[in-house]
Every structure is written in structure tokens, then in C-alpha cells.
Amino acid sequence: MTGAELALARHRLHALLGWLIVEAPSAEARDAARSVPALAALCARDPEELAADHHALVTEVPPVLSAILGEDGLVGGPLQDAVRARFAASGFHPGRTDVPLDHLGLLLACAGHLCAAEHELLVDGGDPGQLRQLQRQLLDEQLLSWLPAWVVATTGVGGPLHDVAEMALELCLSHRAELGGPGAGWQPTADLPDLDAADTDLRAIGEALARPASSGWLPGRAAIDGVAASADVVVGFGGRIASLGETLRGAADLGRLGPLLQGLRRELSAWDTALEATGGPVDGWREGVRRSLALVDRLSAAVEGA
């Protein structure tokens, strides 16, 4: 396969996978997916079941960069601004406003756009160096900084659409490997709570652990449910981040904080193992997990000694 043919193939696959992730697969999208043997299970699935699969996948942990890596866990802010600047530098115009600008589907579409531009340039005999640098930057900073973690966090959710998520990760990893050159992996940008500080409470600890920016952990609803079940307590109210803080506080009120922390430690250890298995640039994530495990161990020791 020539360089131009490879760029065209990447363009088509990035675009298709982004399309399938950004919305419940339409008849047109399923027709396009039939050209990919690995997506046969998706194409054979009932459309209503596919719509339910899609809803489950994108609500377990919404695939939005700023909501995952942002220190406040909210959509928008400087991380989304960086995506806007990246799209402008790439000459990419998403053309839709029904999902956040930094949604995984749109980021994959931008990667596909850059590959299409590379294909055209190679066909014309041009030098794709600048385009390939833009691809490196997009993959390093806006895709592989969080895609491995999101794939792990949504494992077991979405039926054949999770296969699409895994294919997107494999495509991004192989694409980045072929581009070569140094890359800087993502690192946590916030600290975990100080257990010695007078204003540190269990709610703050739980909320910090649910934010990857401080913990290196991206818990979906299933993970939080599993931690709560391990101590036989009810999951706290609120969104994904708030609910973990409320769960820790509720476990303490019931005298079940020790078992809950044991379950949390098991979940963090399993998360670390699963991250490593992705083969992605996850050293920063794993360093965050090590910090989180140390915090949980220290808190457990305090509970046992009380």
C-alpha cells in the first residue's frame, strides 16, 4: 500500500468510527460499516437495540475531552478552547453543534480530515510534513491523552458499539506509531486532597478520586456501583463525580467505610492493570493511580486505627 493509499484508508476509517460514536448508527452509517468485517456484529443488530447501545455507551462516561480531563469535570474551558484552536489550525469545520466541540466523534473526524488532506497532497507530489505534524499533535494532545482510559471505563457497555471504541483506539495507536517522532503523554494536572488539612472531608476525597485530573482514575457508573456493592451501601446521589463523594460519606455514616475503601482499592488496582493492557501512552494515568492508592491506604489505616 502506498503512502497515499494508507492516508486515504485512515481517512475513511477515522471518519466512519467518529460517525458511529457521535450518534446512534443510522441505516446509512450501517451500510458504510458493512465494508469493515470487524463491524459485522454491529450491522446485524436491531436498530432499536443499537440506539439503546449508543445511549448506554455515551452516558456511562460521556466521551468529551474537557469533561474527562478538566480539573472541574465540566464540559468546556481551556481544554475545549485548545480543541477549537486545533480544528482551526487543521482547517477542519465540524459543521454540527448537537454535541460538544471536543466530543470523541468530532476529534476522530478531524483526524480523518487531516488524513484526507495528506492523501491529496501525496497524490499531487507534495510534502506532507506539516500535515503529519498536525496529526501527531491531535493524536498526542486530544485523542491518546484520554481515549485509552475511556475505552477501559466503558468496557462491558454498548454491545458492538464498544467494538467501535476499541477499533478507534487501535487506529489511533497504529496511526501514531507510523507517524513516529517523540510524544509527550498526559499527566495529572491537579493534586489529591491533603488528608492533614482540617477542611478535607470524605465528600471532597471521593470527588477528587472521581476526577482523572487528580486521581488517574475514570470511574463509570458501573465502577462506582461496584465499589458501593462491595461494602453493601447505596450509591450516593448526583452525577458521576458527586455520587462517589456521597457514597464515601454515606458509608462512614453506616460504619462501612473500611469495607468500602477495600473495594475502592481493588477497583483502582484492576483499573491500573486494564490501563496497562491497552498499550497506550498511559504512564501519567498510572502515576495518578499510584497516588490514589497511597491516599486510600492511608485513609484505610486511619479508619482501622480509630
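Residues numbered from 1 in each chain as written. Predicted model: local features only at pLDDT ≥ 70, side-chain atom pairs only at ≥ 80, totals over all residues. Heavy atoms only, no water.

Trainee: Kindly report on the overall build of the protein chain, identifying the contributing residues and their values.
Mentor: Assigned secondary structure in the protein chain consists of 16 helices and 0 strands. Dimensions of the protein chain, computed from the C-alpha atoms along their principal axes, are close to 70 × 45 × 30 Å. Here the protein chain holds 306 residues, and the buried ones make up 50% of them. Sequence-distant contacts, at least 24 apart, represent 66% of the contacts inside the protein chain between residues at least 6 apart. Summing over all exposed atoms, the protein chain offers an accessible surface of approximately 13,400 Å²; the carbon and sulfur share of this is 54%. Averaging the positions of the 23 positive and the 41 negative side-chain charges in the protein chain gives two centres separated by 1 Å. (Helix = DSSP H or I, 4+ residues; strand = E, 2+ residues; numbered from the N terminus. Buried < 20%, exposed > 50% of the residue type's maximum accessible area, 1.4 Å probe, protein only. Contact = heavy atoms within 4.5 Å. Areas by Shrake-Rupley, 256 points an atom, 1.4 Å probe, with all protein chains shown as cover. Lys, Arg positive; Asp, Glu negative; His and termini not counted. Charge placed at Lys NZ, Arg CZ, Asp CG, Glu CD.)

Trainee: Tell me about the packing of aromatic side chains, and please be specific about residues and values.
Mentor: All chains considered together, the criterion is met by 3 aromatic pairs. Measuring from centroid to centroid gives 4.9 Å for Phe87 and Phe92, while their planes differ by 85 degrees, and the two rings are edge-to-face. As far as burial versus exposure is concerned, Phe87 and Phe92 are alike and both buried. With a centroid separation of 6.4 Å and an interplanar angle of 55 degrees, the aromatic rings of Trp271 and Trp285 are classed as tilted. Highlighted residues: Trp271 in helix 15 (residues 257–277) and Trp285 in helix 16 (residues 283–305), separated in sequence by 14 residues. One exposure class covers both Trp271 and Trp285, and it is buried. One aromatic cluster is present, formed by Trp186, Trp271 and Trp285 through successive ring pairs. (Phe/Tyr/Trp six-rings, centres within 6.5 Å; stacked < 30°, edge-to-face > 60°.)

Trainee: Go over the packing of helix 1 (residues 3–22) against helix 10 (residues 160–179) with me, naming the residues and quoting the values.
Mentor: Think of two packed helices as two axes; the pair is described by the angle between the axes and how far apart they sit. Between helix 1 and helix 10, whose axes approach to 10 Å, the crossing angle comes to 150 degrees. As for how helix 1 packs across helix 10, the hand of that crossing is left-handed. Here helix 1 contributes Leu6, Arg10, Leu13, His14, Leu17, Leu20 and Ile21 to the contact with helix 10, which in turn contributes Leu161, Val164, Ala165, Met167, Ala168, Leu171, Cys172, Ser174, His175 and Glu178. Of the residues belonging to the contact of helix 1 with helix 10, the class tally is 12 nonpolar, 3 polar and 2 charged. (Axes fitted to C-alpha atoms, helices over the stretch in contact; angles between N-to-C directions. Left-handed = near helix turned anticlockwise from the far one by under 90°. Nonpolar A, V, L, I, M, F, W, Y, C, P; charged D, E, K, R; others polar.)

Trainee: Before we move on, can you summarise the nonpolar core with the specific residues and values?
Mentor: The nonpolar side chains of a soluble globular protein tend to be buried, and buried together. Judged by nonpolar contacts, the single largest core of 84 residues is most densely connected at Leu143, Trp146, Trp150, Leu218, Trp271 and Trp285. In contact with Trp271, other than residues within four places in its own chain, are Ala149, Val152, Ala153, Gly216, Trp217, Leu218, Trp285 and Val289. (Core = buried A, V, L, I, M, F, W, Y, C linked by side-chain atoms within 4.5 Å.)

Trainee: Hey, could you go over the side chain of Thr154 for me, with residue numbers and the actual values?
Mentor: In this structure, Thr154 sits in the loop between helix 9 (147–153) and helix 10. What makes Thr154 buried here is its relative accessible area of 0%. Here Trp150 takes part through its backbone oxygen, which lies 2.8 Å from a polar atom of the side chain of Thr154. (Polar contact = N/O pair within 3.5 Å; in protein donor to acceptor, adjacent residues only side chain to side chain.)

Trainee: Talk me through the packing of helix 8 (residues 129–143) against helix 10; I want residue IDs and the actual numbers.
Mentor: Running from amino to carboxyl end, helix 8 crosses helix 10 at an angle of 135 degrees, the nearest separation of the two axes being 10 Å. The orientation of helix 8 with respect to helix 10, classified from their angle, is oblique. By crossing handedness, the relation of helix 8 to helix 10 is classed as left-handed. Side by side, helix 8 and helix 10 meet where Arg132, Gln135, Arg136, Leu139, Asp140 and Leu143 of the first sit next to Cys172, His175, Arg176, Glu178 and Leu179 of the second. Its residues assigned to classes, the contact of helix 8 with helix 10 comprises 4 nonpolar, 2 polar and 5 charged. (Parallel < 35°, antiparallel > 145°, perpendicular 65-115°, else oblique.)

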